[in-house]
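Notes for the structure review
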Amino acid sequence: MTTASKTVSDVIHSHLSVLTRAEKQLAESLLDNYPVSGLGSITTIAENAGVSTPTVVRMVQKLGFKGYPDFQARLHQEVEATISNPIAKHDRWAQNAPGTHILNRFADAIMGNLRQTLTDLDTATFDSVASLLSDRKRGLYFVGGRITGALAEYFFTHMQVIRPATTLLSSNSSSWPQYALNMNAGDILIIFDIRRYEQEMVSLATAARKRGAEIVLFTDQWGSPAAKLARHAFRVRIEAPSAWDSSVVTLFIVEALIEAVQNSTWDETKERMKTLEGLFEQTKLFRKLG
């Protein structure tokens, strides 16, 4: 992962071990309300962190930036990327579109997304999430946004077959407090939230945490504001030569988790599947051929 492809947050995290005490204090201040915390003047940034302006200059240079203006320009680019609407994203891709067929351009972008996401993804995090989802003592709650709601429903539909105590939250956020009411300590709330993040997700995550639930988040490389409340977060590459963000790599991780959970609890899952097939037969839901 090159420095150019990393977010400023990634760069800060990767340098924490080499920062001085004052620089770490500044880094923590910047990460606390990222990226807004880094958009003020150098004096404001220093005052908010309780450090000197020379400390700010030294740290951003240690992070690999030419100076504070270069550091802040990168932050502005990130903010612009996260709030881009579909028209702006389409126009940005269209301006630099090569002459190859859209299928090839799309395949190149998606394969790049997959490679970069897998490079960044910690397998220990994946295994930990799979273990949490496999624990039948924990209730699972799934929720997504306007677009990612489909991913949440897909994940829920499979997990509902694999294990009991699974709930898909309504798309109507006004009903979410009622779902939070049923959450118990140790339950898992799985949130899907990508750029143009939904403020209601932070409110829901906060309420769930207060109930003792733990958050697993699927987001993009910039990171939903709900990330600071998550126990585990999958930061997935989503850009594609389109007006819309790509869900391919997110779905890839979801399907890998489904298999990991299914495989770890196969005896119980197999019995549930047999019972479900019997229910399908009773209700004549699926037509038998032959």
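Below is a summary of the structure that appears in this document. Because the structure is a prediction, the values reported are computed rather than measured.

Focus: the packing of helix H3 (residues 42–49) against helix H4 (residues 53–62)
Two numbers describe how H3 lies on H4: the axes approach to 8 Å, and their chain directions differ by 100°. By the angle class used here, H3 and H4 are roughly perpendicular. Packed against H3, whose contacting residues are Ile42, Thr43, Ile45 and Ala46, the element H4 presents Thr53, Val56 and Val57 at the interface. Of the residues assigned to the contact of H3 with H4, the class counts are five nonpolar, two polar and no charged.

Here's the deal with the environment of Thr157
Take Thr157: it is sitting in helix H9 (residues 149–162). Note on Thr157: relative accessible area 38%, which makes it partly exposed.

Looking at the packing of aromatic side chains
Throughout the structure, instances matching the rule amount to eight aromatic pairs. Seen from their ring centres, Phe142 and Phe155 are 5.2 Å apart, and the 65° between their planes marks the pair as edge-to-face. Of this pair, Phe142 sits in strand E1 (residues 140–143) while Phe155 sits in helix H9, and the two are 13 residues apart along the sequence. You'll find Phe142 and Phe155 in the same group, each marked buried. Here Phe155 and Phe192 contribute two aromatic rings whose centre-to-centre distance is 6.5 Å and whose plane-to-plane angle is 80°, an arrangement assigned as edge-to-face. Linking Phe155 in helix H9 with Phe192 in strand E3 (residues 188–192), this pair joins segments that are 37 residues apart in sequence. Members of the aromatic cluster, joined through ring pairs, are Phe142, Phe155, Phe156, Phe192, Phe218 and Phe234.

Thoughts on the environment of Gly145
Summarising the element assignment, Gly145 is placed in the loop between E1 and H9. For the pair Gly145 and Asn172, spaced 27 residues apart in sequence, the C-alpha to C-alpha distance is 9.9 Å. Here Gly145 is in contact with Phe192, Glu198 and Met201, once residues within four sequence places are set aside.

So, the packing of helix H2 (residues 21–32) against H4
Look at H2 against H4: their axes get within 10 Å of each other, and the N-to-C directions meet at 80°. Considering their axes alone, H2 and H4 lie roughly perpendicular with respect to each other. For the pair formed by H2 and H4, the contact residues are Ala22, Glu23, Leu26, Ala27 and Leu30 on the first element and Thr55, Val56, Arg58, Met59 and Lys62 on the second. For the contact of H2 with H4, a count of residues per class yields six nonpolar, one polar and three charged.

Rules behind the numbers
Counting of residues starts from 1 at the beginning of each chain's written sequence and follows it residue by residue. Per-residue local features are limited, in this predicted model, to residues with pLDDT of at least 70; the limit for side-chain atom pairs, both in listing and counting, is 80 or more; totals at the level of whole chains, interfaces and linings are taken over all residues. The basis for every side-chain value is the complete set of non-hydrogen atoms in the structure, without hydrogens or water. Lines fitted to C-alpha atoms define the axes, with helix axes restricted to the stretch in contact, and inter-axis angles between N-to-C directions lie between 0 and 180 degrees. Numbering of helices and strands starts at the N terminus; helices are DSSP runs of H or I of at least 4 residues and strands are runs of E of at least 2. Note on angle classes: values under 35 degrees are labelled roughly parallel, values over 145 roughly antiparallel, values of 65 to 115 roughly perpendicular, and the remainder oblique. The contact definition used throughout considers only heavy atoms, calling two residues in contact when any of these lie within 4.5 Å. Any residue that is not Ala, Val, Leu, Ile, Met, Phe, Trp, Tyr, Cys, Pro, Asp, Glu, Lys or Arg is counted as polar, Gly included; the first ten are nonpolar and the last four charged. When accessible area is computed with a 1.4 Å probe and restricted to protein chains, residues below 20% of their type maximum are described as buried, those above 50% as exposed, and intermediate ones as partly exposed. Pairing of aromatic rings covers Phe, Tyr and Trp, the last through its six-membered ring, and needs centres within 6.5 Å; plane angles under 30 degrees mean stacked, over 60 mean edge-to-face, and all others mean tilted.

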